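# Geometric and topological summary
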Amino acid sequence: MVLTRSSPAASKAADIAVPSSSIRMKSHPSPGAPTPSASRIQTRSSPNIAAAGPSHKMPISMKMNNGSVVDKVLEFEEEEHYHKIWFYGKPALISGGLVAINLVKKFLTPTQKSKFRSTSFGHFLDFEPLVFSGQLVHCMLLKEVFHLNPNEMMFKVHETLLKFSISDFALITGLNCAEYPSFCNEDGIPKQLPFGSSWLCSKYFLRKSSIYRGDLYDFLDQNQVNDDTDAIKLVLIFIVDYILLSKKDNKLVDKYLWHMVDSLDMFGSFPWGRKSFFLTLEYLKKALKGKQTDSQQDVIYYELFGFPTAFQIWIYECFISLPKTVISYNGPKIPRICSWSKAFKSKFFSLNEKFFDCEEAC
């Protein structure tokens, strides 16, 4: 096994084990280009693999054009594409993404920013406010192939297999992706919580027992807090709930966040990267499931929760070269998400033609 370590910029970074026998890192030929975190794996067409992988069966539900749902059982081989045809899609990012970092920078005073940098999320102040490229994400999702490991996603672009895993997520975000501590359940939620509202919530939200995500956003946008510790705690909750564990604005901020942040040491050492990765992976996996169509003219709308911007950065690292009309590369930085800036929205057919239909791109 090869141990891959997440960025030293994050405190208590996780050790992630990756099988070395099946993975080789793709190198960029040009000087100063990034070393991608994307795992590149030998395909069945490789001379080292004589035959196709084993056959498997998977039950799925397909939504037809007339609105009916048909249950089918697909027999497939690993590395076989799940989506047989390309179709339009418009994924929506249900959070501010990295654009919300601008609100954090606006809310914190210079002194508070200096203190915030000592937390496990301090490197977030170095993140560029990237624009979410929904079409880029959609193009890659259409390249998904069957893969039996539920903790990863596999994509096939031409004859190159690309694997998105928690080790990639840790390298890109610099977040702690270790196992959950013993006081949490398997979903990363504390087993026992104090009753009632937390002191922080009661102090700044007029003793409300429940706070909506939009309320927290508006508070940071319209106020400043003189108490440095309280300001840092509010920003930590905002980053976790609004950026890493994103959901719709009409959803409540999870109560356990208010209680956990009372202890900055506990909050800072918690593996938020692990929780964010599996939420992101869950919605990436089911984004197009059951939404296959028989026509390329149909448009599929879907929402992505978690932190899909990390997946977008991973896609950038899968390609040897990207024009400045798509993204700007700022040189190698830690964590890797800091290496990219000024992302631009691109059209579906343009991305498909330049990258996903070009054998030399990947």
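Note that the structure is predicted; figures quoted are calculated from it, not measured.

About the thresholds
Position labels on residues start from 1 in each chain and follow its written sequence. Local features in this predicted model are restricted to residues of pLDDT 70 or higher, and side-chain atom pairs are both shown and tallied only at a pLDDT of 80 or more, whereas totals for entire chains, interfaces and linings draw on every residue. Heavy atoms throughout the structure, all of them, feed into the side-chain values; hydrogens and water do not. Here, a salt bridge means any side-chain nitrogen of Lys or Arg that lies within 4 Å of a carboxyl oxygen of Asp or Glu. Elements are defined by DSSP. Helices are runs of H or I of four residues or more, strands are runs of E of two residues or more, and each kind is numbered from the N terminus. Summary of the burial criterion: residues with accessible area below 20% of their type's maximum are buried, those above 50% are exposed, and those between are partly exposed, where the area comes from a 1.4 Å probe applied to protein chains only. Any two residues whose heavy atoms approach within 4.5 Å at even a single point are treated as in contact. Should DSSP find at least two bridges between two strands, the strands are regarded as paired. Side-chain rings of Phe, Tyr and Trp, where Trp is taken by its six-membered ring, are said to pair if the distance between their centres is within 6.5 Å; with planes under 30 degrees apart they count as stacked, over 60 as edge-to-face, and otherwise as tilted. Consider the ring centre and the ring normal. A charge sits over the ring if Lys NZ or Arg CZ is within 6 Å of that centre and within 35 degrees of that normal.

### What to know about the pattern of salt bridges
As enumerated under the stated definition, the model contains twelve salt bridges in all. Linking Asp-241 and Arg-213 is a salt bridge whose minimum nitrogen-to-oxygen distance equals 3.3 Å. Linking Asp-241 in helix α7 (residues 228-244) with Arg-213 in helix α6 (residues 213-222), this pair joins segments that are 28 residues apart in sequence. With respect to burial, Asp-241 and Arg-213 carry one shared label: buried. A salt bridge links Lys-286 to Glu-282, with the shortest nitrogen-to-oxygen separation between them at 3.3 Å. You can see Lys-286 and its partner Glu-282 sitting in helix α10 (residues 272-286), four residues apart, about one turn around the helix. Judged by relative accessible area, which is 39%, Glu-282 ranks as partly exposed. The network of salt bridges with common partners includes Arg-213, Asp-241, Lys-247 and Asp-254.

### Description of the environment of Leu-284
Take Leu-284: it is sitting in helix α10. According to the relative accessible area criterion, Leu-284 is buried, its value standing at 2%. Sequence separation between Leu-284 and Phe-305 is 21 residues, and the spatial gap between their C-alpha atoms is 8.3 Å. Excluding its chain neighbours within four sequence positions, the residues that come into contact with Leu-284 are Val-137, Leu-141, Met-153, Phe-164, Leu-304 and Phe-311.

### So, the pairing of strand β9 (residues 153-157)
Burial within β9 is extensive, with five of its five residues counted as buried. Going residue by residue along β9, you find Met-153, Phe-155 and Val-157 tucked away on one face and Met-154 and Lys-156 tucked away on the opposite face as well. With two bridges joining them, strand β8 (residues 144-145) and β9 adopt antiparallel strand pairing. Counterpart to Val-145 in the pairing with β9 is Met-154. Pairing of β9 with strand β10 (residues 160-164), which is carried by five bridges, proceeds in the antiparallel orientation. By the bridge assignment, Val-157 is partnered in β10 with Thr-160. In textbook terms, the turn of a hairpin is the stretch between consecutive antiparallel strands, and for β9 and β10 this stretch comprises two residues, one of which, His-158, has a positive phi near 60°.

### Topic: the packing of aromatic side chains
Tallying each qualifying case throughout the model produces 23 aromatic pairs. Between Phe-205 and Phe-219, the aromatic rings sit 5.1 Å apart at their centres with planes inclined by 45°, giving tilted as the arrangement. Of the two residues, Phe-205 sits in the loop between α5 (199-204) and α6 while Phe-219 sits in helix α6, which places them 14 residues apart along the sequence. Owing to a relative accessible area of 7%, Phe-205 belongs among the buried residues under this scheme. Residue classification places Phe-219 among the buried residues on the basis of a relative accessible area of 13%. Both rings, one in Phe-238 and one in Tyr-242, keep their centres 4.9 Å apart while their planes meet at 15°; by these two values the pair is stacked. On the criterion of helical spacing, the pair formed by Phe-238 and Tyr-242 is a turn pair, its members being four residues apart in helix α7. Residues Phe-238 and Tyr-242 agree in their burial class; the two are buried. Members of the aromatic cluster, joined through ring pairs, are Phe-155, Phe-164, Phe-169, Phe-277, Phe-278, Phe-307, Phe-311 and Trp-314. When the ring centre of Tyr-180 is taken as reference, the NZ or CZ atom of Arg-274 above it lies at 5.8 Å. Sitting above the plane of the Tyr-283 ring, Lys-286 keeps its charged end 4.3 Å from the centroid.

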